[in-house]
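Chain by chain, the residues:
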Amino acid sequence: MSLVFAAICSHAPGITGRANMAEPALRDPLYAAYGRLREQLRAAQPQALVVVAAEHFANFFMNNMPSFAIGMADHYSGPIEDPAWLGIPRREVPGDARLSQQLIREVMQSVDVAFAEEWRFDHGIMVPLHFLTPDYDLPVVPVNINCQGPPLAPLHRAWAFGEALRRATDSVPERLALIGTGGISHWPATPDSGKINEAWDREVLDRWVRNDKAALLAYSDLDIYREAGQGGFEIRTFISVAAAARGAGHLQHYAPIPIFAVGCTIATMDIAP
Amino acid sequence: MSLYQLQKFLYELNREPALQEQHRADLPRLLDRYQLTAEERRALETRDVGLVYVLGANGQLLMHYAAFLGMSWPAYIQAMREGVARHGPVRAGVYAMTTHMDEKVAGV
């Protein structure tokens, strides 16, 4: 029993970078929900935090794109973006190379994962850390699923990757927390930015909360692109957390916030044996 | 293949301060390092974010390029709309515009 906490949350850069453009009535309850998640995370007393993210060409590009990657360093840094643009100061973030290597070796038993001894975090990891570990005092194991540059690994491989992560976290003595970050429907960085398909989001979240594997894997990328935009490809991170935690989910916050360009989501999941 | 070179330029510019300096000092020479079509090169030489968008650049690369050029968020969004108005629909990639020209879903 070394996976002690599992959750998902949004990571959109506008959440911090465009904070002043948001209506406080929408923004403040989201920030409060992040605060509650921070307290729940702390109460679980993790020794390291595994963040399954979907980065946006900060470290991985189409010249050499891994479907799945795990960081393996003692130190990371971020944000790679302009700190003023993101609203988060640049700083070093602790890692744990030894722990990473143990996890990677176990994941490799079933999923071919790339490892990275250098990793500059973008908003996909920095926005969650800004809220969840504001003192940056918890070692992070960064994990990436390519959700940006097609061809993308199919959803059932994201599930298999989550299963491998669970086996890996079970194989080490450390108490580990797992956070998946991404959006549901969204059309970020386009003129559509702010468009959100709430009905589609709620359907995804319903399937996730029930941890209904068949329903979660029933989407095709064509459906996702049509109903949820290119940002919807990031549901891979949520799917991997469901596969790892295996329990029932608990939706703690969901609210479409157009200026943040996403339906802002916070949810936890029980860790089932 | 060339869209790849255009996006590679954006990727490297976004993450390398030395290239950002060269962009300010001698843009034509910097662009010589990439195998761009004449239209791509023109878009970058004239800092035409709207055309770069229409050519198919991934928004996750493009929004940082726009910020580097000093564009505010609303200005970036508007530049993409104007790009579509002037040059037609997005020609490649997965960042096509699906809203109407005057449909400001987030108020900007």
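All residue numbers here refer to positions counted from 1 along the written sequence of the relevant chain. To read the labels, note that chains go from A and ligands from 1, taken in the order they are written. Only residues with pLDDT of 70 or above have their local features reported here, since the model is predicted, and side-chain atom pairs are shown and tallied only from 80 upward, although totals for entire chains, interfaces and linings are computed over all residues.

**A closer look at the overall build of chain A**
Along the backbone of chain A there are ten helices and ten strands. Both definitions apply: the radius of gyration is a C-alpha atom measure, and the globule rule equals 2.2 Å times residues to the power 0.38. In summary, chain A has a C-alpha radius of gyration of 17 Å against a globular reference of 19 Å for 273 residues, a match within 12%. C-alpha atoms of chain A, sized along the principal axes, occupy 45 × 40 × 40 Å. The exposure scheme places C-beta atoms from the backbone and then counts, for each residue, the other C-beta atoms within 10 Å of its own, assigning buried at 20 or more, exposed at 12 or fewer, and partly exposed in between. In chain A, buried positions account for 58% of the 273 residues. Contact between residues is assigned whenever the C-beta positions, reconstructed from backbone atoms, fall within 7 Å. For chain A, the share of sequence-separated contacts (at least 6 apart) that also reach a separation of at least 24 residues comes to 84%. By the criteria applied, helices consist of DSSP H or I runs no shorter than four residues and strands consist of E runs no shorter than two, each listed in order from the N terminus.

**Looking at the confidence of the model for chain B**
The predictor attaches a confidence to each residue, and that confidence, scored 0 to 100, is pLDDT. The predicted model of chain B averages 95 in pLDDT, with 99% of residues at 70 or higher. Predicted complex, confidence summary: ipTM 0.91, pTM 0.96.

**Looking at the sheet that holds strand S1 (residues 3-9) of chain A**
Residues and elements named next belong to chain A. Spatially, eight strands are ordered S6-S3-S7-S2-S8-S1-S10-S9 in an open sheet, and the strand pairing comes out mixed. Each edge of the open sheet carries a strand with a single partner, namely strand S6 (114-116) and strand S9 (246-257). On average, each strand axis in the sheet is tilted by 20° relative to the strand beside it, whichever way the strands run. Here, strands pair whenever DSSP counts at least two bridges between them. As defined by bridge partners, strand S3 (residues 68-71) adjoins S6 across three bridges and the pair is classed as parallel. By the bridge assignment for S6, glycine 71 is matched with alanine 116. For helices, the fitted axis covers only the stretch in contact; all axes are lines through C-alpha atoms, and the angles between them, taken along N-to-C directions, range from 0 to 180 degrees.

**A few points about the interface of chain A and chain B**
Across the boundary between the two partners, chain A contributes 24 residues, which contact 24 residues of chain B. Charged residues are taken to be Asp, Glu, Lys and Arg, nonpolar residues to be Ala, Val, Leu, Ile, Met, Phe, Trp, Tyr, Cys and Pro, and polar residues to be all remaining types, Gly included. Of the residues in the side of chain A that touches chain B, the class split is 13 nonpolar, six polar and five charged.

**Describing helix H4 (residues 97-107) of chain A**
Of the positions making up H4 of chain A, those classed as buried are Leu99, Ser100, Leu103 and Val107 of chain A. All buried residues of H4 of chain A lie within an arc of 100° about the axis, which places them on one face of the element. Taking the helix axis as origin, the arc is that swept by the directions to the C-beta atoms.

**Remarks on the pairing of strand S4 (residues 75-78) of chain A**
Residue and element names in this part refer to chain A. By the alternation rule, side chains of S4 split into Tyr76 and Gly78, which are all buried, and His75 and Ser77, of which none is buried. Sheet topology places S4 next to strand S5 (residues 91-94); four bridges connect them, and they run antiparallel. Each bridged residue has a counterpart across the sheet, and for tyrosine 76 the counterpart in S5 is valine 93.

**Focus on the nonpolar core**
We define a nonpolar core as a collection of buried residues of the types Ala, Val, Leu, Ile, Met, Phe, Trp, Tyr and Cys that are connected via C-beta atoms lying within 7 Å of each other. With 119 residues, the main nonpolar core has Val50, Leu178 and Val241 of chain A together with Leu62 of chain B as its most contacted residues. Top contributing element to this core by residue count: helix H10 (residues 235-245) of chain A, with eight residues. Apart from residues lying up to four places away in sequence, valine 241 of chain A is in contact with Ala6, Ile8, Val52, Gly162, Leu178, Gly180 and Met269 of chain A.

**Considering helix H2 (residues 24-43) of chain A**
Turn by turn, an α-helix covers 3.6 residues, leaving residues three or four places apart pointing in a common direction. Residue and element names in this part refer to chain A. If you check H2, its first and last C-alpha atoms are 28 Å apart, about what 20 residues at 1.5 Å a residue would give, namely 28 Å. Within the sequence span of H2, burial applies to Arg27, Leu30, Ala33, Tyr34, Leu37 and Leu41. Relative to the axis of H2, the buried residues are bounded by an arc of 125° and lie together on one face. Opposite its buried face, H2 presents the exposed residues Pro24, Ala25, Asp28, Ala32, Glu39 and Ala43, each directed more than 90 degrees away. Just downstream of H2, glutamine 45 is the residue with a positive phi angle, here 55°. Given the number of residues in a helix, its expected span is that number minus one, multiplied by 1.5 Å.

**Observations regarding the environment of glutamine 7 of chain B**
Along the polypeptide, glutamine 7 of chain B turns up in helix H1 (residues 2-15). Taking the number of C-beta atoms within 10 Å as the measure of exposure, glutamine 7 of chain B has 25 and is therefore buried. Counting along the chain gives 55 residues from glutamine 7 of chain B to leucine 62 of chain B, while the straight-line C-alpha distance between them is 8.5 Å. Not counting residues up to four positions away in its chain, the partners in contact with glutamine 7 of chain B are Met62 of chain A together with Ala57, Asn58 and Leu61 of chain B.

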